Amino acid sequence: MLSSVKRTPRLALHAAAVLLTVTSASEAVADDGAGPFGVTTVAAANSPTARVGPLFNGGQHHCTASVVRSPHRNLLVTAAHCLDNGDHDLVFVPGYRDGRAPYGKWKVLKRYMPEGWSKGQDEDSDVAFATVEGDIQDVVGGNRFVTGTATGATAVTVTGYPSSRDLPISCTNRPTAHSRTQQRIDCPEFTGGTSGSPWVNGNGQVVGVLGGHEQGGATADVSYSVVLGAEAAALYRDVVG
């Protein structure tokens, strides 16, 4: 779900999100609390969403990333196809809203992609990490990056930044298996720019990253993620080791 022109149908989606308004009392939470599920809203400005932000190249944001816990306190997770596009001056802006950067702007320093992606752009390897300049985890906190969880064991909340908007959107639902290596979630209006959005469960664990099949999906209403398994676990160990 990049916003720039790429090879897959999902990347060409630029429709403005038509968001349904729900009250805070009725919003679904990631631990399977009261619904509704599958409803996309403007994400609240709070501690969990402060860890999510768009990736900027120049004046445009084209993907989403989020802060995950690491010993060096400077680590982001996103989709591999978000980092493999030749952009050399990426900047991450956590909690970005309406042109404001409440937690600062963080220069991306290094990128880490699994071998399956770097050698063949395997859609089952579409997850990546990047480090930023400075201890961003000290500023906004970080979610735990977790592999080996069962798809759909709990509901997850997906938060991302469509390129057509300067506000984050959020949706909670229960993922289902698309294949042994891919999972999917039904959430409307996740248009171009939301690739890399974290799938966070009720325990504050990132159990998916929007990308994978069709680089995130061919329509705005169904999104995909790699099933985070051995390859993702090995990459995380290599990055933080």
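Quantities reported herein were computed from a predicted structural model and do not represent experimental measurements. (Residues numbered from 1 in each chain as written. Predicted model: local features only at pLDDT ≥ 70, side-chain atom pairs only at ≥ 80, totals over all residues. Heavy atoms only, no water.)

Draft legend 1. Quick look at the sheet that holds strand 8 (residues 144-145). Read from one edge of the open sheet, six strands run 1-10-9-13-14-8, paired in mixed fashion. Pairing within the sheet leaves two strands with one partner each, and these edge strands are strand 1 (40-42) and strand 8. Relative to strand 14 (residues 205-209), strand 8 is paired through two bridges, and the arrangement is parallel. Within the sheet, the bridge partner assigned to Arg-144 lies in strand 14 and is Gln-205. (Pairing = 2+ DSSP bridges. Helix = DSSP H or I, 4+ residues; strand = E, 2+ residues; numbered from the N terminus.)

Draft legend 2. The arrangement of the packing of aromatic side chains in detail. Counted by the stated rule, this structure contains five aromatic pairs. Relative to Tyr-236, the ring of Phe-129 has its centre 5.7 Å away and its plane inclined at 55 degrees; by these criteria the two rings are tilted. Of the two residues, Phe-129 is situated in strand 7 (residues 128-132) and Tyr-236 in helix 5 (residues 230-240); the sequence distance between them amounts to 107 residues. Grouping aromatic residues by their ring pairs yields a cluster made of Phe-56, Tyr-96 and Tyr-161. (Phe/Tyr/Trp six-rings, centres within 6.5 Å; stacked < 30°, edge-to-face > 60°.)

Draft legend 3. Representation of the nonpolar core within the structure. One finds Leu-55, Phe-92 and Ile-136 to be the most contacted residues of the largest nonpolar core, which totals 20 residues. Going through the elements one at a time, strand 3 (60-68), helix 2 (80-83), strand 5 (90-92), strand 6 (106-112) and strand 7 are the ones with two or more residues in this core. Excluding residues within four positions of it along the chain, Leu-55 makes contact with Gln-60, His-61, His-62, Cys-63, Thr-64, Ala-65, Thr-78, Cys-82, Leu-83, Val-91, Phe-92 and Val-108. Of all hydrophobic cores here, the second largest spans 15 residues; its members include Val-127, Phe-145, Val-239 and Val-240. (Core = buried A, V, L, I, M, F, W, Y, C linked by side-chain atoms within 4.5 Å. Buried < 20%, exposed > 50% of the residue type's maximum accessible area, 1.4 Å probe, protein only. Contact = heavy atoms within 4.5 Å.)

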